[in-house]
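Results of the structural survey
Here is how the chains run, residue by residue.
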Amino acid sequence: MSDIKVSINNLYKIFGSDAASMVDLVKEGMSKSDLLEKHGHVLGLDNVNIDVRKQQIQVIMGLSGSGKSTLIRHINRLIEPTSGSIIVDGDDILSMSLAELRDFRRSKASMVFQKFGLLPHRKVIDNVAYGLSIQGINKEEALARSNKWIKSVGLTGFENHYPSQLSGGMQQRVGLARALATDADILLMDEAFSALDPLIRSDMQDVLLSLQEQLHKTIIFITHDLDEALKLGDDIAILRDGAVIQSGTAEKIILHPADDYVTDFIKDINKARVLKVSSVMAKDEKIKGPEISDNVIIEDALQTVSQSGSNGAIIVKNGKKIGTVSLTDMIMAIARSTENTDSDTVYR
Amino acid sequence: MSLLTEFPKMGRTDLRDFKKAIDESFRDFTRNYGEAIENFFDPLLYFLVWLEKLFLNTPWPIIMAVIALLVYFGSRSIKLTIGAIIAFLLIGYLDMWEDTMATLAIISVATIVCISVGIPIGILMARSNRTQTVVTPILDIMQTIPSFVYLIPVVMLLGIGKVPGLLAVCIYAIPPIVRLTNLGIRLVDKDVMEASEAFGASYKQKLLDVQIPLALPNIFAGVNQTIMMALSMVVIASMIGVKGLGVPVLRAISNQYLALGVMNGLAIVVLAILFDRVSQSFGKRLQAHRESGHNV
């Protein structure tokens, strides 16, 4: 398909001295714990298949140790896979020579790091220009282009500060500007906002979303925070023990969790803020109420409906009525399900 | 039984022949290559002689002014500058000016040699673990082996004079700069290195833009240590014909001249303290970005 930007196919990563010969064992179904116990090798990624759509935000989420940071480092080959392929715009990253790979990193995929990874001895402006200076772009042009990005992440006035003089949130703005400055189509974000406190994190998420509205990059975003995943992700893939256990849109994951692990994962989130009215749409002629668009989230719909005092709402798409939604259905959809919430269940 | 009471050792004649064989092969080596090696070091000798003459022939007020300026620009401290001027006036007044200049010359040359050889070796060590495994024990030997032991082959090869003295000083003084360059580069934040890698930096770009600038405080500590160790070799170097403050100290030891020994010894101390303070505060100023708040 042409709207797939990055395609990860059958990717395996095994850590250990004789990883290559362990791949077959894993393919035959050996589990992570067996591999560690019997052969002393650690299974990092287990048959990962993800297709990242062009100009979308693909979130990869999982708890620590699930292999998400390992996975994102395969896309620019900071880590070499044991087996599998990664196709970006039709080119296999894994067959690239060192020079081709360097070129790919310089111009096609840039990265934002959890711990920022800024150069402490360079000023903000020179940090933002770092990717450009590596490409050999002359200083004057690099600084001019960097200035533009400093402005767009809201750091004007801090050009001549050193990173250590900035707060965490501002440092990550520098990291973001540095990654954007190379004009790469692909943005790899490794827990980019995890080190920030909640308010600043939410701030940065908004910065990213508003930049994305203008830039339309293909973003691969790693996080362990489900709320962040739901807020940012066009598509979400959930990773556990190195394997993708479910992928799809936020709504799909919430309405149809693939297994108990995912169910347990999503039980505490605010569904009203994620689910759209279209997910509980019905065709009930008895329902009268205000007209709302099909992509309105239930939280907003509930407010509209209760203010109008009706028993539901009419759903419209492009001005045409396509169905109805009842107040009861909306409340039922967002109520916490009581089944399968055995809190003693331990997942590893 | 005798095996338990007496250590099994090489036969006396065998041992003598063994040592003799080593001595002779080295002597052959000296005969064949001695001159070539001496020629190889000639430029160094010329440089050292030129520098020594420059220091000695320049009128002392000019030297004083230059020293004061260097101290001031290195340390940005008026107190230290005045201290340096007083120390050098005292040295001159107590008739140690010429020896001090000679010592300054050899220390400067030794430091330049150590930096230009030591830093590249340190970089290579940081680049590969195998190089590190090979070089580390060599550095251990250089630092711990009694200086007299390596003076023997050096003197056999090059005779007595300035160059063998310089070599002896360098052998002793180079390990810290090599070690600290290696350490400094290895201690560079892994996250910063990864970021540099992720933006497609080549090895050279990583080295010049990230590793060396961030390792600079450690490299500078290495330079400082190298200077200190070079100064401590001055007396031993004087035994094989290097002029300087070591010569009177040596004379004082053999003749039990207390005052002569103490005076020249203290002059060495003064040089050491000056070098140390100036290079340290210079190194600190290179790290302007570390001054404030959150360190990354």
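Residues numbered from 1 in each chain as written. Chains lettered and ligands numbered in written order. Predicted model: local features only at pLDDT ≥ 70, side-chain atom pairs only at ≥ 80, totals over all residues. Heavy atoms only, no water.

**Quick notes on helix α6 (residues 129-144) of chain B**
Across its 16 residues, α6 of chain B extends 23 Å between first and last C-alpha, which sits within 8% of the 22 Å expected from 1.5 Å per residue. Residues of α6 of chain B that are buried in the fold lie against α5 (97-127), α7 (147-158) and α8 (162-186) of chain B. (Helix = DSSP H or I, 4+ residues; strand = E, 2+ residues; numbered from the N terminus. Expected span 1.5 Å × (residues − 1). Contact = heavy atoms within 4.5 Å.)

**Comments concerning the interface of chain B and chain A**
If you look at the interface, chain B gives 23 residues, while chain A gives 31 residues. Both faces considered, chain B and chain A share a buried interface measuring about 2300 Å² in area, 60% of it formed by carbon and sulfur atoms. At the surface where chain B touches chain A, the tally comes to three salt bridges. Arg 105 of chain A serves as the salt-bridge partner of Glu 197 of chain B, at 2.8 Å between the closest nitrogen and oxygen. One can count eight residue pairs in polar contact (both at pLDDT 80 or more) joining chain B with chain A. Elements supplying a minimum of two residues to the side of chain B that touches chain A: α9 (190-198) and α10 (203-232) of chain B. (Buried area = accessible area lost by both parts, 1.4 Å probe. Salt bridge = Lys/Arg side-chain N within 4 Å of Asp/Glu carboxyl O. Polar contact = N/O pair within 3.5 Å; in protein donor to acceptor, adjacent residues only side chain to side chain.)

**Describing the packing of α5 of chain B against α6 of chain B**
All names here are of chain B. Where α5 meets α6, the closest approach of the two axes is 6 Å, and the angle between their N-to-C directions is 130°. When the interaxial angle is binned, α5 and α6 end up oblique. Two secondary-structure elements touch here, α5 through Ile 121, Leu 124, Met 125 and Arg 127 and α6 through Asn 129, Thr 131, Gln 132, Val 135, Thr 136 and Leu 139. The class makeup of the residues in the contact of α5 with α6 is five nonpolar, four polar and one charged. (Axes fitted to C-alpha atoms, helices over the stretch in contact; angles between N-to-C directions. Parallel < 35°, antiparallel > 145°, perpendicular 65-115°, else oblique. Nonpolar A, V, L, I, M, F, W, Y, C, P; charged D, E, K, R; others polar.)

**Some details on the layout of surface pockets**
Volume-wise, the largest pocket comes out at about 810 Å³. Those elements that place two or more of their residues in the lining of the largest pocket are α2 (12-57), α3 (60-75), α5, α10 and α13 (258-285) of chain B. The class makeup of the residues in the lining of the largest pocket is 23 nonpolar, five polar and no charged. Here the second largest pocket is characterised by a volume of approximately 360 Å³. Looking at the second largest pocket, it is lined by 14 residues, and the ones nearest its centre are Gly 233, Ala 250, Glu 251, Val 274 and Lys 276 of chain A. Secondary-structure elements contributing two or more residues to the lining of the second largest pocket are α10 (226-232) and α11 (250-255) of chain A. Residues from two domains meet in the lining of the second largest pocket; each of domain 1 (56-74 + 95-266) and domain 2 (272-334) of chain A gives at least three. (1 Å grid on protein atoms, 1.4 Å probe; cavity = no way out; pocket = protein on both sides within 12 Å on 5 of 7 lines; lining within 4 Å. Points joined across faces, edges and corners; volume = space filled by probe spheres on them. Domains from an automatic or database assignment.)

**Concerning the domain arrangement of chain A**
Residue and element names in this part refer to chain A. Domain boundaries assigned for chain A yield domain 1 (56-74 + 95-266) and domain 2 (272-334). Tallying the contact residues gives five residues for domain 1 and five residues for domain 2. Together, the buried faces of domain 1 and domain 2 total about 410 Å²; carbon and sulfur atoms form 78% of this surface. Between the two partners, domain 1 and domain 2, sit one residue pair in polar contact (both at pLDDT 80 or more).

**Concerning helix α13 (residues 298-308) of chain A**
Every α-helix carries 3.6 residues per turn, so stepping three or four residues along brings you back to the same face. Residue and element names in this part refer to chain A. Buried within α13 we find Ile 298, Ala 301, Leu 302 and Val 305. One side of α13 carries all its buried residues, which in axial view fall inside an arc of 100°. Taken together, the buried residues of α13 touch β11 (291-293), β12 (312-317) and α14 (327-334). Trailing α13 by a residue or two, Gly 309 shows a phi angle of about 75°, which is positive. (Buried < 20%, exposed > 50% of the residue type's maximum accessible area, 1.4 Å probe, protein only. Arc of directions from axis to C-beta.)

**Re unusual backbone geometry**
One non-glycine residue, Asn 10 of chain A, adopts positive backbone phi at about 45°. Turning to its location among the elements, Asn 10 of chain A is positioned in strand β1 (residues 4-15). Its relative accessible area of 41% is what places Asn 10 of chain A among the partly exposed residues. Phi is positive for Asp 95 of chain B, which is not a glycine, with a value near 60°. Looking at the secondary structure, you find Asp 95 of chain B in the loop between α4 (78-93) and α5. Classification of Asp 95 of chain B as exposed rests on a relative accessible area of 69%.

**Description of the pairing of strand β7 (residues 186-190) of chain A**
Residue and element names in this part refer to chain A. For β7, the tally of buried residues reaches five of five residues, placing the bulk of the element in the interior. Neither face of β7 is left uncovered, since the one carrying Ile 186, Leu 188 and Asp 190 and the one carrying Leu 187 and Met 189 both have all their residues buried. As paired elements, strand β6 (residues 109-112) and β7 share four bridges and run parallel to each other. Bridging across to β7, Ser 110 finds its partner in Leu 187. Bridge analysis of β7 against strand β8 (residues 218-223) gives five bridges, and the strand direction is parallel. Residue pairing for β8: Ile 186 is matched across the bridge by Thr 218. Following the chain from β7 across helix α9 (residues 198-215) to the adjacent parallel β8, one finds a crossover that is right-handed. (Pairing = 2+ DSSP bridges. Right-handed = clockwise from strand over helix to strand, strands pointing away.)

**A closer look at the sheet that holds β8 of chain A**
Residue and element names in this part refer to chain A. If you trace the six strands from one edge of the open sheet to the other, you get β6-β7-β8-β3-β9-β10, paired in mixed fashion. Of all strands in the sheet, those with a lone pairing partner are β6 and β10 (243-248), marking the two edges. Going from strand to strand, the sheet's axes swing by 20° on average, the running direction of each strand aside. Running at roughly 175° to β6, helix α8 (residues 168-181) makes contact with β6 and β7 of the sheet.

**Topic: the packing of aromatic side chains**
All chains considered together, the criterion is met by nine aromatic pairs over all chains. An angle of 55° between the planes, with centres 5.4 Å apart, marks the rings of Phe 193 of chain A and Phe 221 of chain A as tilted. With Phe 193 of chain A in the loop between β7 and α9 and Phe 221 of chain A in strand β8, the pair connects residues that are 28 residues apart, well separated along the chain. Judged by centre distance (5.2 Å) and plane angle (45°), the ring pair of Phe 29 of chain B and Tyr 33 of chain B falls under tilted. Here Tyr 33 of chain B and Phe 29 of chain B lie together in helix α2, a separation of four residues that amounts to about one turn. Overall, Phe 29 of chain B belongs to the partly exposed group, its relative accessible area being 34%. For Tyr 33 of chain B, a relative accessible area of 46% puts it in the partly exposed group. An aromatic cluster of three or more residues is present, and its members are Phe 26, Phe 29 and Tyr 33 of chain B. Over the ring of Tyr 261 of chain A we find Arg 240 of chain A, and its NZ or CZ is 4.5 Å from the ring centre. It is Arg 127 of chain B that lies over the ring of Tyr 203 of chain B; its NZ or CZ is 3.7 Å from the centre. (Phe/Tyr/Trp six-rings, centres within 6.5 Å; stacked < 30°, edge-to-face > 60°. Lys NZ or Arg CZ within 6 Å of the ring centre and 35° of its normal.)

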